[in-house]
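Close look at the chain arrangement
Chain by chain, the residues:
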Amino acid sequence: MKSSSTIVLCIMLLMIFMSCQQQENLISVQQEDGYIFGTWNAPTNENVNQARTGILTSIKLQNQTKKNSLTLITDVAPETLLPQNGEIHDWVRSRKPSTYNPKTLYVDRFIPSEDHITIYKEFGFQSQAEMEYQSPKYESVPFILLEIFDMGTPENAFGIFSVNNYPNPKFEWVGCKAIISGKYLRFWKGKYFVQIEGYGIATGIRNGMIELAKVTAKKIQDKPQKIPLLELLPSKYIRGSERLWTTNWLLYEINRSIPDIVPQLEDGAIGVFAKYLSKKPKNNRKHYYVFVMRFQNVNAAKHAYKEYRDTLVEEMVNFENDPNADAILIEQQVDNSL
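Within each chain, residue numbers correspond to sequence positions counted from 1 in written order. Thresholds applied to this predicted model are a pLDDT of at least 70 for local features of residues and 80 or more for the giving and counting of side-chain atom pairs; totals over whole chains, interfaces and linings are not thresholded and use all residues. Note that the side-chain values use all heavy atoms of the structure and ignore hydrogens as well as water.

Moving on, we get to the overall build of the chain. Scanning the chain for helices and strands turns up 7 helices and 15 strands. Taken over the C-alpha atoms alone, the chain extends approximately 85 × 55 × 35 Å along its principal axes. Expressed as a percentage of the 338 residues in the chain, the buried residues total 46%. In what follows, residue pairs with any heavy atoms lying within 4.5 Å of each other are defined as contacts. Counting only contacts in the chain whose residues sit at least 6 apart along the sequence, the fraction spanning at least 24 positions is 68%. Of the roughly 17,800 Å² that the chain leaves accessible, carbon and sulfur atoms contribute 53%. Helical segments are the DSSP runs of H or I of at least four residues, strand segments are the runs of E of at least two, and each set is numbered from the N terminus. Under the scheme applied here, a residue whose accessible area is under 20% of the maximum for its type counts as buried, over 50% as exposed, and between as partly exposed, the area being computed with a 1.4 Å probe on protein chains only. The method behind every accessible area is Shrake-Rupley, applied with a 1.4 Å probe, and residues are considered shielded solely by the protein chains displayed.

Even without being glycine, Y106 reaches a positive phi, approximately 60 degrees. Within the secondary structure, Y106 is located in the loop between β4 (98-100) and α3 (114-122). Residue class for Y106 comes out buried when judged on its relative accessible area of 6%. Located in the positive-phi region is S140, a residue other than glycine, with phi close to 55 degrees. Inspection of the secondary structure puts S140 in the loop between β5 (127-135) and β6 (141-150).

Expected helix span is computed as 1.5 Å times (number of residues minus one). Between its first and last C-alpha, helix α5 (residues 203-219) extends 25 Å over 17 residues, near the 24 Å set by a 1.5 Å rise per residue. Regarding α5, the residues found buried are I205, G208, M209, I210, L212, A213, V215, T216 and A217. Taken together, the buried residues of α5 touch β5, β6, β7 (170-172), β9 (184-189) and β10 (192-198).

Salt bridges are identified by distance alone: a Lys or Arg side-chain nitrogen within 4 Å of an Asp or Glu carboxyl oxygen. Tallied over the full model, the rule gives 11 salt bridges. Put simply, E87 and K219 hold a salt bridge, and the shortest N to O gap is 3.2 Å. Of this pair, E87 sits in the loop between α2 (45-65) and β3 (92-93) while K219 sits in helix α5, placing them 132 residues apart in sequence. For K219, a relative accessible area of 23% puts it in the partly exposed group. One salt bridge in this structure joins K191 and D150, with 3.2 Å as the shortest N-O distance. A residue pair is termed long-range when its members are at least 10 positions apart, and K191 in the loop between β9 and β10 and D150 in strand β6 qualify at 41 residues.

Every regular strand shows the same layout, with side chains that alternate between the two sheet faces. In terms of residue burial, β5 counts as a mostly covered element, since 9 of its 9 residues are buried. A two-sided burial pattern is seen for β5, the buried positions comprising S127, A129, M131, Y133 and S135 on one face and Q128, E130, E132 and Q134 on the other. For β3 and β5, the ladder comprises 2 bridges, and the chain directions are antiparallel. Opposite R93, over in β5, you have Y133 as the bridge partner. Pairing between two strands is assigned when DSSP locates at least 2 bridges connecting them. Relative to β5, β4 runs antiparallel, the two sharing 3 bridges. The residue bridging T99 from the neighbouring strand is A129, located in β5. The pairing of β5 with β6 spans 9 bridges and is antiparallel. Pairing of Q128 across the sheet is with F149, part of β6. Two successive antiparallel strands, β5 and β6, enclose a turn made up of 5 residues, where E139 displays a positive phi of approximately 60 degrees.

Following this line, the structure appears as structure tokens:
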């Protein structure tokens, strides 16, 4: 009896150990109208089905209301949006504005990596203007740098903003919510991305940054808007985890944990994803991603979906057709011991 009990106990311990080492990693990819959507690293079929149902419902609703694009009101050079002397209490310009284009962006300063500039360009960067501000309270030494980037479209402006976002961020009600991280305050509004850097940590400097942000945001006449594509994602994602990308290079730069093979974006296509926390299993909850890609038309989406399937075959990735929909389902195993 004792020997039998020992064997049973060993088997139970082995099963627990194996379950801790591996867990499901479901990848689903589906095409509908001009969209490709799905999940990455979902722990259960329930996660996959909930995401699919929610996105399909949202696509149909958005197609009915035709609210899948953003309008632009303000379309001026970034330097005209820089606050003038007298517009911010106690803060004035310290020099003339500097302006940059895609060929000259940050050529006059040190940057840790060329990828930093490439990210802006991949998001459709058009031009930038910047100004340093100083205050007599700080011996008239420049302590705030304000940069305004024309990103071409609201989607691109949100995209570069999202790269700098983080889960559950601190924010100010400026633009479409300004996030505050360390010495930076950032927001987007219309087609503009605004970044404000404080050279010190004093409360007066932080308050000056917020004042500059509010004056700049007021000059941009566009109302705070939501990205229509982002509205297709199930709503209960981790706030601050949402991202937008315009090329597959960008996708891998902003999320290194996605699968090696993903549908390829074509010219004019964009994608969004957000991070979710599964409700099950309760003792081992896991993060996963839901994504949506929007193509220029249905044919472009079908072509990208077919190429994705063909690539899976060429790379000998095991997949199956989801019996609940015309979708690809890949079940992998993640080794948590690595």
